[in-house]
Amino acid sequence: DAGVIQSPRHEVTEMGQEVTLRCKPISGHDYLFWYRQTMMRGLELLIYFNNNVPIDDSGMPEDRFSAKMPNASFSTLKIQPSEPRDSAVYFCASSSADVGTHGQYFGPGTRLTVT
Amino acid sequence: GIQVEQSPPDLILQEGANSTLRCNFSDSVNNLQWFHQNPWGQLINLFYIPSGTKQNGRLSATTVATERYSLLYISSSQTTDSGVYFCAVEGTTDSWGKLQFGAGTQVVVTP
């Protein structure tokens, strides 16, 4: 199994630009999670999907952030327009509701720097 | 929401030493996981352990759900054990899969 795949691994952009982060979950997993990690706030859940449907987006900081999951093998997190305070590591994770396999598996993360 | 407290916040170990990390949580849980974030930033799923005891090599974990705590044991520590260890829980009143992370324990293993 290839694990959760994220791209790009690093992104440097200027304030005001649009940023799109991508995630491919583990095949067969029906839950997908987007997290953000900063020194100040630690790991925060932004949004998660079940069977491609957003379940809880209460962690999305503001309207500049949006996430989609058009199919079971792909999700995007978009920031438009980006701001310096969005600089963080963004993780995608996936899991399965099957009994005995509860557990989230994380991708390598995307380190975003907004200048 | 559910509160998660980890202790100690920092730990320095000499290679070969044993250690215990603790996670306290404020309410009943459906899910508890331990993760290791290595120095390269990768978050690795160590244990899914809402109750009971599990072992994986030199690592083991015990969760006493009725007393709202979990322990992670590292035996014969190696330099590769360095990094941050996170406990994350899903409260029974939370949506399935919604994990609340603790602040982590930073572990440094010296040769």
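Owing to the predicted nature of the structure, the values given are computational and were not obtained by experimental measurement.

Quick notes on the rules
- Residues numbered from 1 in each chain as written.
- Chains lettered and ligands numbered in written order.
- Predicted model: local features only at pLDDT ≥ 70, side-chain atom pairs only at ≥ 80, totals over all residues.
- Heavy atoms only, no water.
- Helix = DSSP H or I, 4+ residues; strand = E, 2+ residues; numbered from the N terminus.
- Buried < 20%, exposed > 50% of the residue type's maximum accessible area, 1.4 Å probe, protein only.
- Contact = heavy atoms within 4.5 Å.
- Areas by Shrake-Rupley, 256 points an atom, 1.4 Å probe, with all protein chains shown as cover.
- Lys, Arg positive; Asp, Glu negative; His and termini not counted.
- Charge placed at Lys NZ, Arg CZ, Asp CG, Glu CD.
- Disulfide = S-S within 2.5 Å.

## Some words on the overall build of chain A
Item 1. Scanning chain A from terminus to terminus reveals zero helices and 11 strands.
Item 2. Reading the helices (α) and strands (β) of chain A from amino to carboxyl end gives β-β-β-β-β-β-β-β-β-β-β.
Item 3. Out of the 115 residues in chain A, the part that is buried amounts to 48%.
Item 4. In chain A, the proportion of contacts linking residues at least 24 apart, taken out of those at least 6 apart, comes to 54%.
Item 5. On chain A, roughly 5,700 Å² of surface is accessible, and the fraction owed to carbon and sulfur atoms is 50%.
Item 6. In chain A, 10 side chains carry a positive charge and 13 a negative one; their mean positions are 4 Å apart.

## Things to note about the state of the cysteines
Residue and element names in this part refer to chain A.
Item 1. Applying the stated criterion across every chain yields a total of two disulfides over all chains.
Item 2. The residue that forms a disulfide with Cys-23 is Cys-92, at a sulfur-sulfur distance of 1.9 Å. Disulfide Cys-23-Cys-92: torsion about the S-S bond near -65°, hence left-handed. One end of the pair, Cys-23, is in strand β3 (residues 19-24); the other, Cys-92, is in strand β9 (residues 88-95), with 69 residues separating them in the sequence.
Item 3. Using a relative accessible area of 0% as the deciding quantity, one classes Cys-92 as buried.

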